Amino acid sequence: MTHTEIEMTAELVRDLLRDQHPDLADYPVRLGARGWDNQLWRLGDDLAVRMPQATESADELLLKEHAWLPALAPRLPLPVPVPQRLGEPSARFPHPWIVTTWVPGEPADRAPVTRGAEAADALAAFLTALHQPAPEEVDTVGQGRGGPLAGSSKWVAEQLASATELGLIPDPDAVRAVWDDAAAAPGWAGPALWLHGDLHPANVLTADGTICGVIDFGALFAGDPACDLSAAWTLLPDGTADRFYAAYQPAPDAATLRRARGWAVIRALVGLHVGDAGVHGRPGGKATWGPPAHAALRRLIATAHR
């Protein structure tokens, strides 16, 4: 899965800055985080350098973020990492890279939301502002996230069976019932809206128990808002989904709410497998992804017959 075999170090980051953006080269450089597609290096107190590292799509995702996020960011009510500079591929590092603003906070998979009402309101305001019609040239596929839910039924069945075999899901029939209802819901008939597309807990930052920022817009695309609205189940504490959906505008219809639950099942199944891999030390695993995924499925099952 390695995208580049080049070892990323503070010295490499500093050399790249010196070559292409010398006015930034004297800022302190230190590792900030290792994500799925990128390494993030802190640059002084207010900036960060994003370096693609892990997947073949990492370059494309980074360039998409650089192209669109500066225009979207000013209307968003939560801090996001706004691209400031673009680094060109070179002999030192044969891939693009970007300098962005640094967004303080702790990922929600490590520091879950505890102030549910405040977080529900903050997330609803953020998605209300983001979910506006996108230009026609914007990607409407979104790494497979732009199509009807029913197209993912085979994948869900396989992942559900695998998670059950691993002992991660005590009631697979209940999860399957949530999914089947979501997959049968009418599809989105509205305009293709801007979507974050990847609102799992590791991409949402918290501070003092509530949401304080959103990061990693590489999956940014246009489509059905249900994809993002699934975050009510994967990010927020018990009993706060209704508040979130009441605050989000325009009010989602019943079919959109059903599809959002289906997207939450997909997110949770991914989280269960990545979390289990982390617990057992397998490549690509992140143990912190497991607990939010378990909590999301529990919430979805508990509200399945409301």
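In this text the structure is predicted, and so the values were computed from the model without any measurement.

## Quick word on the pattern of salt bridges
Step number 1: Within the structure shown, the criterion is met by 15 salt bridges.
Step number 2: For arginine 115, the salt bridge goes to glutamate 118, with nearest N and O atoms at 3.4 Å.
Step number 3: For arginine 115, a relative accessible area of 34% puts it in the partly exposed group.
Step number 4: For glutamate 118, a relative accessible area of 38% corresponds to the partly exposed category.

## Focus: the sheet that holds strand S8 (residues 204-207)
Step number 1: The antiparallel open sheet is built from three strands, whose spatial order is S6-S8-S9. Looking at strand neighbours, the two that pair on one side only are strand S6 (106-107) and strand S9 (210-214), the edges of this open sheet.
Step number 2: Pairing of S8 with S9, which is carried by four bridges, proceeds in the antiparallel orientation. Bridged to alanine 207 within S9 is threonine 210.

## Digging into the pairing of S8
Step number 1: Relative to S8, S6 runs antiparallel, the two sharing two bridges. Bridging from a neighbouring strand, glutamate 106 pairs with threonine 206 of S8.

## So, the packing of helix H4 (residues 153-165) against helix H9 (residues 254-279)
Step number 1: Contact geometry of H4 with H9 gives a least axis separation of 10 Å together with a crossing angle of 40 degrees. Overall, the two elements H4 and H9 adopt an arrangement that is oblique. H9 is crossed by H4, and the crossing has left-handed handedness. Residue-level inspection shows Trp155, Val156, Gln159, Leu160, Ser162 and Ala163 of H4 in contact with H9, the latter providing Ile266, Leu269, Val270, Leu272 and His273.
Step number 2: Each residue belonging to the contact of H4 with H9 can be placed in one class, and the counts come to eight nonpolar, three polar and no charged.

## Quick word on the sheet that holds strand S4 (residues 83-87)
Step number 1: The strand order across the open sheet formed by five strands is S1-S2-S3-S5-S4, and the pairing between neighbours is antiparallel. Looking along the sheet, the strands with just one partner apiece sit at the ends: strand S1 (29-34) and S4. Pairwise comparison of adjacent strand axes, ignoring direction, gives a mean angle of 25 degrees for this sheet.
Step number 2: As paired elements, S4 and strand S5 (residues 97-101) share four bridges and run antiparallel to each other.

## What about the packing of aromatic side chains?
Step number 1: This structure, assessed with the given rule, holds three aromatic pairs.
Step number 2: An angle of 65 degrees between the planes, with centres 5.0 Å apart, marks the rings of phenylalanine 244 and tyrosine 245 as edge-to-face. Residue phenylalanine 244 shares its accessibility class with tyrosine 245, and that shared class is buried.
Step number 3: Grouped by ring-pair contacts, the aromatic residues Phe244, Tyr245 and Tyr248 constitute a single cluster.
Step number 4: For arginine 42, the ring lying beneath its charged end belongs to tryptophan 102, and the centroid distance is 3.9 Å.
Step number 5: Above the face of the tryptophan 233 ring, arginine 261 is positioned so that its terminal group lies 5.1 Å from the ring centre.

## Quick word on the nonpolar core
Step number 1: Phe126, Leu127, Ile169 and Phe244 are the most contacted members of the largest nonpolar core, which totals 62 residues.
Step number 2: Core analysis: the second largest hydrophobic core is formed by 17 residues, Ala25, Val29, Val49 and Val99 among them.

## Details of the packing of H9 against helix H10 (residues 290-302)
Between two packed helices, what matters for the description is the angle formed by their axes and the separation of those axes.
Step number 1: Their axes nearest at 8 Å, the elements H9 and H10 cross at an angle of 145 degrees. Where H9 crosses over H10, the handedness of that crossing is left-handed. Here Arg261, Ala264, Val265, Ala268, Gly271, Leu272 and Gly275 of H9 lie close against H10, whose contacting residues are Gly290, Ala293, His294, Ala296, Leu297 and Leu300.

## So, unusual backbone geometry
Step number 1: For the bond from glutamine 249 to proline 250, the omega torsion is -5 degrees, close enough to zero to count as cis.
Step number 2: For proline 250, the location among the structural elements is in the loop between helix H8 (241-247) and H9.
Step number 3: Positive phi outside glycine occurs at aspartate 208, with the angle close to 50 degrees.
Step number 4: On the secondary structure map, aspartate 208 appears in the loop between S8 and S9.
Step number 5: The phi torsion at aspartate 216 lies on the positive side, around 55 degrees, for a residue other than glycine.
Step number 6: With respect to the secondary-structure elements, aspartate 216 resides in the loop between S9 and strand S10 (221-223).
Step number 7: You can call aspartate 216 buried: its relative accessible area is 17%.

Rules and cut-offs
Residues numbered from 1 in each chain as written. Predicted model: local features only at pLDDT ≥ 70, side-chain atom pairs only at ≥ 80, totals over all residues. Heavy atoms only, no water. Salt bridge = Lys/Arg side-chain N within 4 Å of Asp/Glu carboxyl O. Buried < 20%, exposed > 50% of the residue type's maximum accessible area, 1.4 Å probe, protein only. Pairing = 2+ DSSP bridges. Helix = DSSP H or I, 4+ residues; strand = E, 2+ residues; numbered from the N terminus. Axes fitted to C-alpha atoms, helices over the stretch in contact; angles between N-to-C directions. Parallel < 35°, antiparallel > 145°, perpendicular 65-115°, else oblique. Left-handed = near helix turned anticlockwise from the far one by under 90°. Contact = heavy atoms within 4.5 Å. Nonpolar A, V, L, I, M, F, W, Y, C, P; charged D, E, K, R; others polar. Phe/Tyr/Trp six-rings, centres within 6.5 Å; stacked < 30°, edge-to-face > 60°. Lys NZ or Arg CZ within 6 Å of the ring centre and 35° of its normal. Core = buried A, V, L, I, M, F, W, Y, C linked by side-chain atoms within 4.5 Å.

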